[in-house]
Amino acid sequence: MRDDIVRAIKEYSDQYAQKLWQRFLNQNFLDQKEAEIFRMLHSRMKIMENAAFPDDLSFSLFSEDFQTLPLSFFSPGSTSEIFINTHSSFMDKRPHAHEYFEIVYVEKGQITNWIDGKEIKLSQGDLCIHNPNALNMILDSKDDEDVIINIILPPNIFQRSFFDMLRQNRQLDEFFNRFSLSSDRADTYMAFLHPSNRTDTIIELLVEEFLRGEDASRIILESTLVVLFGELIRNYHPDPFLTKLTKAINEDLESVSIKEIADRFGYQKNYFSNLVKEKTGYTFNQLVTETRIQKAVNLLLFSNDSIEKISEAIGYRSTASFFTHFRQKYQITPAEFRRLNSKNQ
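The structure reproduced in this document is the subject of the present report. Just so you know, these numbers come straight off a predicted model, no measurement behind them.

About the cut-offs
- Residues numbered from 1 in each chain as written.
- Predicted model: local features only at pLDDT ≥ 70, side-chain atom pairs only at ≥ 80, totals over all residues.
- Heavy atoms only, no water.
- Helix = DSSP H or I, 4+ residues; strand = E, 2+ residues; numbered from the N terminus.
- Buried < 20%, exposed > 50% of the residue type's maximum accessible area, 1.4 Å probe, protein only.
- Contact = heavy atoms within 4.5 Å.
- Areas by Shrake-Rupley, 256 points an atom, 1.4 Å probe, with all protein chains shown as cover.
- Axes fitted to C-alpha atoms, helices over the stretch in contact; angles between N-to-C directions.
- Parallel < 35°, antiparallel > 145°, perpendicular 65-115°, else oblique.
- Phe/Tyr/Trp six-rings, centres within 6.5 Å; stacked < 30°, edge-to-face > 60°.
- Lys NZ or Arg CZ within 6 Å of the ring centre and 35° of its normal.
- Pairing = 2+ DSSP bridges.
- Left-handed = near helix turned anticlockwise from the far one by under 90°.
- Salt bridge = Lys/Arg side-chain N within 4 Å of Asp/Glu carboxyl O.
- Core = buried A, V, L, I, M, F, W, Y, C linked by side-chain atoms within 4.5 Å.

1. Details of the overall build of the protein chain
Inference 1: Across its full length, the protein chain carries 14 helices and 10 strands.
Inference 2: Within the protein chain, the fraction of its 345 residues that count as buried is 50%.
Inference 3: Put simply, 71% of the contacts in the protein chain that link residues at least 6 apart link residues at least 24 apart.
Inference 4: By element, 47% of the accessible surface of the protein chain is carried by carbon and sulfur atoms, the whole surface being about 17200 Å².

Spelled out as structure tokens, the structure:
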């Protein structure tokens, strides 16, 4: 990344910290939840006449009673903005969670990323993505030596912008679109160690466009993120069995059966059923249902097809069954999902 871009994002991050501090001084809170965050800041900060963060400041945004940082803290008044800044070590090394996805990219130096009890060593050029279920913290970060880029993404961006791309790769689809299932089998992070040199160039483009902040920046940022994830997918090598299985299910989603797929793969049905469960954590029928619901999401967001037509297109003989499965996943009906998400397009 160019030195001038690094300097610019570090300056932006410092200025943003000052604005946060000024909002605290002015008691300018968006809601009660944010007010609670700032009140905890108040108990851990030295009030300076110049409204600046003292160099020796050490505090945490989090306590035992409050461990989730809302997206609104970074994007006031919006739940659809992408936010980029540099990581600062002014926070205590305490585990915390988010209401958003976070990309941690090491532009310079090396850190230890603690996630759900695991320590992941990241060096220059490495990248790690946390989903909203991840309990995480960064260890061993030195502000004067390391340059750590944080990219904050709202969860709905993956359904809005990346659905077609991600659904071709089961592991990535599981990570980005199914984190809300909150099962023990689901990974809460993905680490990409030593990705291609193109990754740094793409991150640089993201940071530069974010700093421009012009009218078309949201479209450009989301398009650049598609390129970033495309590059990561290109260098990500999933289990060949899962790749083949995902393709087979998607090719015959309307009438797929476990016997037909098992025969095609050359396996005895019971053995194949156990293998699917072992590899995915789902039974075959659960996997088909998940695939159908994800395809339904795509059609709800990006087509004008009726609910009945979508239900039939993804293999449901009964619209009632489709409604039941959809509500189990999203807690709302397909029509409500379409209406709510169309406002965020």
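2. Digging into the packing of helix H9 (residues 258-265) against helix H10 (residues 269-280)
When two helices pack together, their arrangement is given by the angle between the helix axes and by the axis-to-axis distance.
Inference 1: Between H9 and H10, the shortest axis-to-axis distance is 9 Å and the interhelical angle comes to 95 degrees. When the axis of H9 is compared with that of H10, the two are roughly perpendicular. On H10, the residues touching Ile258, Ile261, Ala262 and Phe265 of H9 are Lys269, Phe272 and Ser273.

3. A short note on the packing of aromatic side chains
When we look at a pair of aromatic rings, we describe it by the centre distance and by the angle of the planes.
Inference 1: Scanning all chains against the criterion turns up 18 aromatic pairs.
Inference 2: For the pair Tyr330 and Phe337, a centre-to-centre distance of 5.0 Å together with 50 degrees between the ring planes defines the contact as tilted.
Inference 3: According to the relative accessible area criterion, Tyr330 is buried, its value standing at 15%.
Inference 4: Through successive ring pairs, a cluster of aromatic residues spans Phe241, Phe265, Tyr267, Tyr271, Phe272 and Phe284.
Inference 5: The ring of Phe265 carries the charged tip of Lys244 above its face, separated from the ring centre by 4.5 Å.

4. A few points about the pairing of strand E7 (residues 127-130)
Inference 1: Both faces of E7 are covered, namely the face carrying Leu127 and Ile129 and the face carrying Cys128 and His130.
Inference 2: By the bridge criterion, 4 bridges tie strand E4 (residues 101-108) to E7 in an arrangement that is antiparallel. Along E7, the bridge assignment pairs Ile103 with Ile129.

5. With respect to the packing of helix H8 (residues 240-251) against H10
Inference 1: Interhelical geometry of H8 versus H10 gives an angle of 110 degrees and a closest axis separation of 11 Å. As judged from the angle between their axes, H8 and H10 are roughly perpendicular. Here the hand of the crossing between H8 and H10 comes out left-handed. Between H8 and H10, the contacting residues are Phe241, Leu242 and Leu245 on the first element and Phe272, Leu275, Val276, Lys279 and Thr280 on the second.

6. Remarks on the sheet that holds strand E2 (residues 83-86)
Inference 1: Read from one edge to the other, the open sheet built from 5 strands follows the order E2-E9-E4-E7-E10, with strand pairing classed as antiparallel. The open sheet terminates on both sides in strands that have one partner only, identified here as E2 and strand E10 (189-192). Neighbouring strand axes in the sheet, compared pairwise and without regard to direction, differ in orientation by 15 degrees on average.

7. Here we look at the pairing of strand E9 (residues 147-153)
Looking along a regular strand, one sees the side chains alternate between the two faces of the sheet.
Inference 1: Summarising burial for E9: 7 of the 7 residues are buried, a large majority.
Inference 2: Relative to E9, E2 runs antiparallel, the two being bridged by 4 bridges. If you follow Asn85 over to E9, its bridge partner there is Asn150.
Inference 3: Pairing between E4 and E9: 7 bridges, direction antiparallel. Of the residues in E9, the one forming a bridge with Glu102 is Ile152.

8. A closer look at the pattern of salt bridges
Inference 1: The full count for this structure, using the stated rule, is 12 salt bridges.
Inference 2: For the salt bridge of Glu208 with Arg2, the shortest nitrogen-to-oxygen distance reads 3.6 Å. Of this pair, Glu208 sits in helix H6 (residues 198-212) while Arg2 sits in the segment before helix H1 (3-25), placing them 206 residues apart in sequence.
Inference 3: Glu251 is paired through a salt bridge with Arg264; the nearest N and O atoms lie 3.8 Å apart. On the criterion of sequence distance, the pair formed by Glu251 in helix H8 and Arg264 in helix H9 is long-range, its members being 13 residues apart.
Inference 4: Salt bridges here are not isolated pairs; linked through shared partners, they connect Arg2, Asp4, Glu204 and Glu208.

9. Digging into the environment of His325
Inference 1: Turning to its location among the elements, His325 is positioned in helix H13 (residues 319-330).
Inference 2: In this structure His325 comes out as partly exposed when scored by relative accessible area, which is 27%.
Inference 3: Considered as a pair, His325 and Ile293 are 32 residues apart in the sequence and their alpha carbons are 7.6 Å apart.

10. Let's talk about the nonpolar core
Inference 1: Ile84, Ile103, Ile149, Ile151, Leu153, Ile203 and Leu225 are the most contacted members of the largest nonpolar core, which has 32 residues in total.
Inference 2: Elements supplying a minimum of two residues to this core: H1, E2, E4, E7, E9, E10, H6 and helix H7 (217-234).
Inference 3: Ranked by size, the runner-up nonpolar core spans 18 residues in total, among them Leu245, Ile261, Phe284 and Val288.

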